[in-house]
Amino acid sequence: MIESGMSKYSRYTNPYDISFDDDTLPATRLSPNDTVGAYTYMFVREPYGRLLSFYVDKLMASNPYYWKVVGVNAAKLRSRSNTFVGFGHDVTFQEFIKYAIQTMVSGKNVDPHWVEMERNCRGCEIKYDYIGKMETFAQNADEILLKLGLNTTREFLKQDGGLEGDFDAIKDSVIQPYVYEIKYKHCLSFQKAVERAWEKLQIRGLIASGPAPSNLTSKTSSWKDLFDLAKTSRFSASKSERKQLKRDLQKKYWAQINVEDLYKIKRLYAKDFKLFVYDDHPEIVFQGRTLLTK
């Protein structure tokens, strides 16, 4: 990220007021010369977490775009052929992991969401002024805002940023069953889309445990109704309870992955683990499993 041209956002105090579709700088392949005179920073994320997050956000949730561009290709591994195998909506986490590994090994169809951060952001070539981590985002973002002199936004986020961030993430999830229904209704029911959105929120630690609402329809309700129910669920559980639920669900998903594939991931992201100081063998992922060798 290159921080320049900030004047267009100067009217904002709450960054969550900026529309997702707002005009931003296009994604480009930076060279060291592009960063001269700019304050540069990048954010990294623990590799296992990146993979699970992509699956939950783009494949498990109602996201027809990624079902088409990633899900269908991942499903092809199921039949080991290039024939049509569905709409990509029913890919399992295990199938996605195998597909992601295949793309990284072959160098074909690697998505920016799971390519190594070192390669994606060229951390060894570009001298970033700041490298933050998604796991410590609030603290790191505060330090960046202080450096940039965005004190009003900094104070707002210190006071209300956590709650605003949670509400923004909840809104993003509960809107999907409603706005994408016309694109997914041929392969998924509205109720199933709601259930997926609900589980996505639980995996992210945003709401409490419990089944998704079952009395909503897209004709008699709006995303705001589901949003209100999700907020009620959030406040019905303590932060520690939601954190424990998040951890339990993450363990459930990683338990589905065979140990051979876990070690492949460990090797493929070796540079990221080392450069950005991440544990390459976390208990929540490996759960005591080790690779048996002769």
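Residues numbered from 1 in each chain as written. Predicted model: local features only at pLDDT ≥ 70, side-chain atom pairs only at ≥ 80, totals over all residues. Heavy atoms only, no water.

(A) Representation of the confidence of the model for the chain within the structure. For the chain, per-residue confidence averages 88 on the pLDDT scale, and residues scoring 70 or more make up 84% of the total. The model gives residues 1-5 a pLDDT under 50, and that stretch makes 14 contacts with residues more than four places away or in other chains. (pLDDT = per-residue confidence, 0-100. Contact = heavy atoms within 4.5 Å.)

(B) Representation of the packing of aromatic side chains in the model. Under the criterion given, the structure shown has 22 aromatic pairs. With centroids separated by 6.0 Å and ring planes inclined at 85 degrees, the aromatic side chains of Tyr48 and Phe286 adopt a geometry described as edge-to-face. Here Tyr48, found in helix α1 (residues 47-60), pairs with Phe286, found in helix α13 (residues 283-286); they are 238 residues apart in sequence, far enough to count as distant. Given a relative accessible area of 0%, Tyr48 falls into the buried group. Taking 6.2 Å as the distance between ring centres and 85 degrees as the angle between the ring planes, the aromatic pair formed by Phe167 and Phe235 counts as edge-to-face. Here the residue Phe167 occupies a position in helix α6 (residues 151-179), and Phe235 occupies one in helix α9 (residues 223-235), the gap between them amounting to 68 residues. For Phe235, a relative accessible area of 53% gives the class exposed. Its guanidinium or amino end placed over the ring of Tyr278, Lys133 lies 4.3 Å from that ring's centre, counting from NZ or CZ. (Phe/Tyr/Trp six-rings, centres within 6.5 Å; stacked < 30°, edge-to-face > 60°. Helix = DSSP H or I, 4+ residues; strand = E, 2+ residues; numbered from the N terminus. Buried < 20%, exposed > 50% of the residue type's maximum accessible area, 1.4 Å probe, protein only. Lys NZ or Arg CZ within 6 Å of the ring centre and 35° of its normal.)

(C) Seen up close, the pattern of salt bridges. Tallying each qualifying case throughout the model produces 12 salt bridges. Asp57 is the salt-bridge partner of Lys200, the closest N and O atoms lying 3.6 Å from each other. Placement of Lys200 in helix α8 (residues 190-203) and of Asp57 in helix α1 is noted, with a sequence separation of 143 residues between them. Of the two residues, Lys200 and Asp57, neither departs from the other in class, the shared state being buried. The partner of Arg78 in a salt bridge is Asp90, with the nearest N and O atoms 3.6 Å apart. Note that Arg78 is positioned in helix α2 (residues 64-79) and Asp90 in the loop between α2 and α3 (93-106), a separation of 12 residues in sequence. On the basis of relative accessibility, which here comes to 35%, the residue Asp90 falls in the partly exposed class. (Salt bridge = Lys/Arg side-chain N within 4 Å of Asp/Glu carboxyl O.)

(D) Representation of a positive patch on the surface in the model. Taken together, Arg45, Arg204, Lys239, Lys243, Lys246, Arg247 and Lys251 make up a surface patch of like positive charges. Looking at the element boundaries, Arg45 is found in the loop between β2 (39-44) and α1. Looking at Arg45, the relative accessible area reads 33%, which means it is partly exposed. (Patch = residues over 30% accessible without salt bridge, like charges linked within 9 Å, V, L, I, M, F, W, Y side chains within 5 Å. Areas by Shrake-Rupley, 256 points an atom, 1.4 Å probe, with all protein chains shown as cover. Lys, Arg positive; Asp, Glu negative; His and termini not counted. Charge placed at Lys NZ, Arg CZ, Asp CG, Glu CD.)

(E) Inspection of the nonpolar core at higher detail. Formed by 65 residues in total, the largest nonpolar core has its most connected members in Leu51, Phe93, Phe96, Ile97, Trp114 and Trp254. Those residues in contact with Leu51, other than ones at most four positions away along the chain, are Phe93, Phe96, Ile97, Ala100, Trp114, Trp254, Ile265 and Tyr269. Counting 5 residues, the second-largest nonpolar core is a separate cluster that includes Tyr39, Phe43, Tyr130 and Ile144. (Core = buried A, V, L, I, M, F, W, Y, C linked by side-chain atoms within 4.5 Å.)

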